[in-house]
Amino acid sequence: MNNIIIDGKSIAAKLREEIKNEVNQLDKKPGLAVILVGENPASQVYVRNKIKATEDVGMISFERKMNENSTKEDIEAVIKELNKDDNIHGILLQLPLPPHLSEVQEELVQMIKPEKDVDGLTTINAGKLFLGMNDGLVPCTPQGSMRLIKSVKQNLTGLNAVVIGRSNLFGKPMAQLLLKENCTVTTAHSKTKNIAKICQQADILVAAVGRNKMVKKDWVKEGAIVIDVGINRVEIDGKSKLEGDVDFEGVKSKVSAITPVPGGVGPMTIACLLDNTLKAYKG
Ligand code: NAP
């Protein structure tokens with residue numbers, strides 16, 4: 001058993017470096033626009049990190065800060081303008097939108113031109129992934145998770161893969177990526193029966209739920225690759241800490257490879273966003 005702790009931080013840094021080298025060769029720089037509506041503190045931090053990462057690789061960042069009270073029409077107008085702008089190759093609508101817009105969130109995401117949809121959330125990009133086409137933009141976190149799996153095992157043909165979670169943002173696209181790699185894929189969710197037994201069959205186990213330490217040692221097959229996508233903020237001894245969906249300490253001696261939280265999947269998301277922006281630029 002190798003018990004590899006997959007170092008997402010350094011794998012992401014290497015990918016960012018490769019992107020930077022490629023951007024350096026370009027005369028016109030790729031542009032990424034981020035639309036931030038309102039004052040959600042977590043979203044503000046994410047957007048700040050994305051802007052910094054964009055500029056660090058030599059791309060141009062366009063931030064569109066919009067008022068908390070913006071209407072659907074206000075946001076629509078900005079998306080239309082960015083869709084038309086030739087200096088902008090990627091558009092990202094930071095989610096979630098403020099509560100009064102939650103019902104139109106999906107509609108607004110779908111207004112982004114698929115060629116600029118660097119989050120991979122439009123029906124065109126989701127459809128291309130579903131059909132196994134290679135020219136779509138793949139959502140960043142599943143793409144990053146697949147890169148981490150590939151960092152420890154190249155050929156996934158015939159392996160049993162279990163994804164816990166079926167969100168449009170992560171679980172569904174992750175299952176499609178694993179299927180494309182010839183895995184036999186099971187998607188588990190909140191209504192799944194005997195989830196521990198299903199997970200015990202997994203050569204690759206991916207957890208994306210948002211429940212602290214849900215995946216226990218006895219859920220994990222000996223020698224499995226475990227990818228922990230969960231981000232759960234917990235209080236331990238009065239200190240705030242991030243934990244994943246997997247009981248890392250309990251599980252790590254049993255696996256061939258596992259991602260830590262933090263420092264696993266997290267850093268890959270932004271690196272893959274930059275990669276998608278470069279892909280969108282190249283067309
Ligand atoms: P989500 O939309 O809330 O989806 C959670 C999924 O977990 C749902 O499909 C839900 O099933 C399933 N679930 C809930 N309770 C369950 C249970 N007891 N047993 C089995 N499945 C259960 O969340 P998400 O956006 O996919 O994100 C999942 C986690 O990943 C969160 O912690 C999030 O913070 C993290 N995340 C991290 C990154 C990163 O960059 N590292 C990016 C995205 C997300 P139902 O469909 O039946 O409700």
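Reading the values: the criteria
- Residues numbered from 1 in each chain as written.
- Predicted model: local features only at pLDDT ≥ 70, side-chain atom pairs only at ≥ 80, totals over all residues.
- Heavy atoms only, no water.
- Salt bridge = Lys/Arg side-chain N within 4 Å of Asp/Glu carboxyl O.
- Helix = DSSP H or I, 4+ residues; strand = E, 2+ residues; numbered from the N terminus.
- Buried < 20%, exposed > 50% of the residue type's maximum accessible area, 1.4 Å probe, protein only.
- Pairing = 2+ DSSP bridges.
- Axes fitted to C-alpha atoms, helices over the stretch in contact; angles between N-to-C directions.
- Contact = heavy atoms within 4.5 Å.
- Parallel < 35°, antiparallel > 145°, perpendicular 65-115°, else oblique.
- Left-handed = near helix turned anticlockwise from the far one by under 90°.
- Nonpolar A, V, L, I, M, F, W, Y, C, P; charged D, E, K, R; others polar.
- Expected span 1.5 Å × (residues − 1).
- Polar contact = N/O pair within 3.5 Å; in protein donor to acceptor, adjacent residues only side chain to side chain.
- Near = heavy atom within 4 Å.
- Areas by Shrake-Rupley, 256 points an atom, 1.4 Å probe, with all protein chains shown as cover.
- Core = buried A, V, L, I, M, F, W, Y, C linked by side-chain atoms within 4.5 Å.

A. Structural detail: the pattern of salt bridges. This structure, assessed with the given rule, holds 13 salt bridges. When the shortest N-O distance is used, the salt bridge between K72 and E76 registers 3.8 Å. Pair noted here: K72 and E76 are both in helix α3 (residues 72-84), with a separation of four residues, about one helical turn. In this structure, the salt-bridge partner of K150 is E181, at a minimum N-O distance of 3.1 Å. Highlighted residues: K150 in helix α6 (residues 140-152) and E181 in the loop between α7 (171-180) and β6 (184-188), separated in sequence by 31 residues. Classification of E181 by relative accessible area gives partly exposed; the value is 24%. One network of salt bridges, with partners in common, ties together K72, E76 and E107.

B. Layout of the sheet that holds strand β2 (residues 31-37). One open sheet holds the three strands; their spatial order is β3-β2-β4, and the pairing between them is parallel. In this open sheet, the two strands that pair with only one neighbour each are β3 (60-66) and β4 (90-93). Going across the sheet, the axis of each strand differs from the next one's by a mean of 15 degrees, ignoring polarity. Where β2 and β4 come together, four bridges link them in parallel fashion. Directly across from I35, in β4, lies its bridge partner L93. Where helix α2 (residues 41-56) meets the sheet, its contacts fall on β2, β3 and β4, and the angle it forms with β3 comes to roughly 160 degrees. Across the sheet, α3 is in contact with β2, β3 and β4; its angle to β3 comes to roughly 165 degrees.

C. Geometry of the packing of helix α1 (residues 8-24) against helix α10 (residues 266-282). The geometry of α1 relative to α10 is characterised by a closest axis approach of 8 Å and an angle of 25 degrees between their N-to-C directions. Between α1 and α10, the angle is such that the two are roughly parallel. Our pair here, α1 against α10, has a crossing hand that is left-handed. On α10, the residues that touch G8, K9, I11, A12, L15, R16, I19, E22 and V23 of α1 are P267, M268, A271, C272, L274, D275, L278 and K282. Per-class residue counts for the contact of α1 with α10 are 11 nonpolar, one polar and five charged.

D. Inspection of α6 at higher detail. When the terminal C-alpha atoms of α6 are compared, their 19 Å separation across 13 residues agrees well with the 18 Å that a helix rising 1.5 Å per residue should span. All of the buried residues in α6 are C140, T141, P142, Q143, G144, S145, M146, L148 and I149. At its buried positions, α6 is contacted by α1, α7, β7 (204-207), β8 (225-228) and α10.

E. Structural view of the side chain of S256. Mapped onto the elements, S256 comes out in the loop between α9 (248-251) and β11 (257-258). Its relative accessible area of 17% is what places S256 among the buried residues. For S256, the side chain forms a polar contact with the main-chain oxygen of G223, separated by 3.0 Å.

F. View of the site of the ligand. Near the ligand you find 21 residues, and of these R166, S167, S190, R211 and T269 are the closest. Between an oxygen atom of the ligand and a side-chain N or O atom of R166, the distance comes to 2.7 Å. Interatomic distance of 2.7 Å between a side-chain N/O atom of R211 and a nitrogen atom of the ligand. In isolation the ligand exposes 930 Å². Once the protein is present, 70% of that is buried. In terms of residue class, the shell around the ligand is made up of 10 nonpolar, nine polar and two charged.

G. Examining the sheet that holds strand β5 (residues 160-164) more closely. With respect to topology, six strands assemble into an open sheet ordered β1-β11-β8-β7-β5-β6, the strand pairing being parallel. Each having just a single partner strand, β1 (4-5) and β6 make up the two edges of the open sheet. Pairing analysis gives two bridges linking β1 to β11, with the strands arranged parallel. By the bridge assignment for β11, I4 is matched with A257. Of the strands in this sheet, β1, β7, β8 and β11 are in contact with α6, which crosses β8 at around 155 degrees. Where α7 meets the sheet, its contacts fall on β5, β6 and β7, and the angle it forms with β5 comes to roughly 170 degrees.

H. Looking closely at the side chain of T277. Checked against the element boundaries, T277 lands in helix α10. Setting aside chain neighbours within four positions, we find T277 in contact with P30, G31, L32, M59, H89 and V118.

I. The arrangement of the nonpolar core in detail. Of all hydrophobic cores here, the largest spans 47 residues; its most connected members are I19, I149, M174, L178, I204, V206 and I227. When residues in this core are grouped by element, the largest group, eight residues, is from α10. The contacts of I149, once residues within four sequence positions are left out, are L156, M174, L178, I204, I225 and I227.

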